[in-house]
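# A closer look at the structure
Here is how the chains run, residue by residue.
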Amino acid sequence: DAGVIQSPRHEVTEMGQEVTLRCKPISGHNSLFWYRQTMMRGLELLIYFNNNVPIDDSGMPEDRFSAKMPNASFSTLKIQPSEPRDSAVYFCASSFRQGHGYTFGSGTRLTVV
Amino acid sequence: GESVGLHLPTLSVQEGDNSIINCAYSNSASDYFIWYKQESGKGPQFIIDIRSNMDKRQGQRVTVLLNKTVKHLSLQIAATQPGDSAVYFCAELFNQAGTALIFGKGTTLSVSS
């Protein structure tokens, strides 16, 4: 298995632009998580899906952030419009089921200038 | 270990020494705990987990200890190697539907040869 696959690895964009981050979870995993990592706040949960349904999006900073999971093998995290304070590393993770460890992707390093 | 502000706790050890990394978790109802290792430029990697019905679990060169009375978790690494240098995170979960792993701030382990 190739693990959790995220793209792009790096993204540099200008303030105000739309950014879309992509994730392919491990086949057979039914939970998918989006985390954001910064030095100030560490690893923060943004949103998670179970069987493609959003379960908890209370960590999504504001309406500029949205996430979708149209099928079991693909999820997107979109920021529109992006702001410099959104600069961070965004991780996607998947899990076989509740109460099991998560497998993380390599992350997307987002820089908004 | 616990962090204040921007600074992660740091543990510096010599190659071959045993390392102990500590973590105070926040929710007394948490019943599943994981240690993750994160190397520079990579996503967090699962090391070992423990459920609340246990107080000790051993893996290859690693041992996790759980003290529920004081909400404390520790990771012991035997015969630490330079390849163990990384940031280590503890994560906790209250294992019921609708919850996700919550991560601590992390401890940086630096191994010198």
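For the structure itself, look to the data block above.
The paragraphs below set out a description of the structure included in this document. Nothing here was measured: the structure is a model prediction, and the numbers come from that model.

## Considerations on the packing of aromatic side chains
The geometry of an aromatic ring pair comes down to the distance between the two centres and the angle between the two planes. In total, this model carries eleven aromatic pairs over all chains according to the counting rule given. Their ring planes at 25° and their centres at 5.0 Å tell us that Phe33(A) and Tyr48(A) sit as a pair that is stacked. One end of the pair, Phe33(A), is in strand β4 (residues 31–38); the other, Tyr48(A), is in strand β5 (residues 42–50), and 15 residues separate them in sequence. Across the pair, exposure class does not vary: Phe33(A) and Tyr48(A) are buried alike. Each ring, one from Phe104(A) and one from Tyr36(B), has its centre 5.5 Å from the other, and the planes form 85°; the classification is edge-to-face. Highlighted residues: Phe104(A) in strand β10 (residues 103–104) and Tyr36(B) in strand β3 (residues 32–38), drawn from two different chains. By relative accessible area, Tyr36(B) is classed as buried at 0%.

## Describing empty space enclosed by the protein
Scanning the model with the defined rule gives one cavity of 30 Å³ or more in all. The volume enclosed by the largest cavity comes to roughly 30 Å³. Residue lining of the largest cavity: Ser31(A), Phe33(A), Ser95(A), Arg97(A), Gln98(A), Gly99(A), His100(A), Tyr102(A), Leu93(B) and Thr99(B), and that is the complete set. Classifying every residue of the lining of the largest cavity by side-chain character gives three nonpolar, six polar and one charged.

## Thoughts on the interface of chain B and chain A
Contacts between the two partners involve 23 residues from chain B and, on the opposite side, 21 residues from chain A. Of the roughly 1700 Å² buried where chain B meets chain A, counting both sides, 56% is carbon and sulfur surface. Where chain B meets chain A, there are zero salt bridges. At the surface where chain B touches chain A, the tally comes to seven residue pairs in polar contact (both at pLDDT 80 or more). Among the secondary structure elements, those contributing two or more residues to the side of chain B that touches chain A are β3, β4 (45–51) and β8 (86–93) of chain B. For the side of chain B that touches chain A, the element with the highest residue contribution is β3(B), accounting for four residues. Considering only residue class, the side of chain B that touches chain A consists of 13 nonpolar, seven polar and three charged.

## Notes on the pattern of salt bridges
Residue and element names in this part refer to chain A. The full count for this structure, using the stated rule, is eleven salt bridges over all chains. As a salt-bridge pair, Asp 86 and Arg 64 come within 2.7 Å of each other at their nearest N and O atoms. Here the residue Asp 86 occupies a position in the loop between β8 (74–79) and β9 (88–95), and Arg 64 occupies one in the loop between β6 (53–56) and β7 (65–71), the gap between them amounting to 22 residues. Judged by relative accessible area, Arg 64 falls into the buried class, the value being 10%. Residues joined by salt bridges that share partners form a network here, namely Glu 62, Arg 64, Glu 83, Arg 85 and Asp 86.

## Remarks on the side chain of Ser31(A)
Residues and elements named next belong to chain A. Summarising the element assignment, Ser 31 is placed in strand β4. On the accessibility criterion, Ser 31 (2% relative accessible area) is buried. Side chain to side chain, Ser 31 and Asn 30 meet in a polar contact 3.4 Å long. Setting aside residues no more than four positions away along its own chain, Ser 31 makes contact with Phe 49, Asn 50, Ala 93, Ser 94 and Ser 95.

Parameters at a glance
Residues numbered from 1 in each chain as written. Chains lettered and ligands numbered in written order. Predicted model: local features only at pLDDT ≥ 70, side-chain atom pairs only at ≥ 80, totals over all residues. Heavy atoms only, no water. Phe/Tyr/Trp six-rings, centres within 6.5 Å; stacked < 30°, edge-to-face > 60°. Helix = DSSP H or I, 4+ residues; strand = E, 2+ residues; numbered from the N terminus. Buried < 20%, exposed > 50% of the residue type's maximum accessible area, 1.4 Å probe, protein only. 1 Å grid on protein atoms, 1.4 Å probe; cavity = no way out; pocket = protein on both sides within 12 Å on 5 of 7 lines; lining within 4 Å. Points joined across faces, edges and corners; volume = space filled by probe spheres on them. Nonpolar A, V, L, I, M, F, W, Y, C, P; charged D, E, K, R; others polar. Contact = heavy atoms within 4.5 Å. Buried area = accessible area lost by both parts, 1.4 Å probe. Salt bridge = Lys/Arg side-chain N within 4 Å of Asp/Glu carboxyl O. Polar contact = N/O pair within 3.5 Å; in protein donor to acceptor, adjacent residues only side chain to side chain.

Read these as layout, nothing more, since geometry by itself doesn't imply function.
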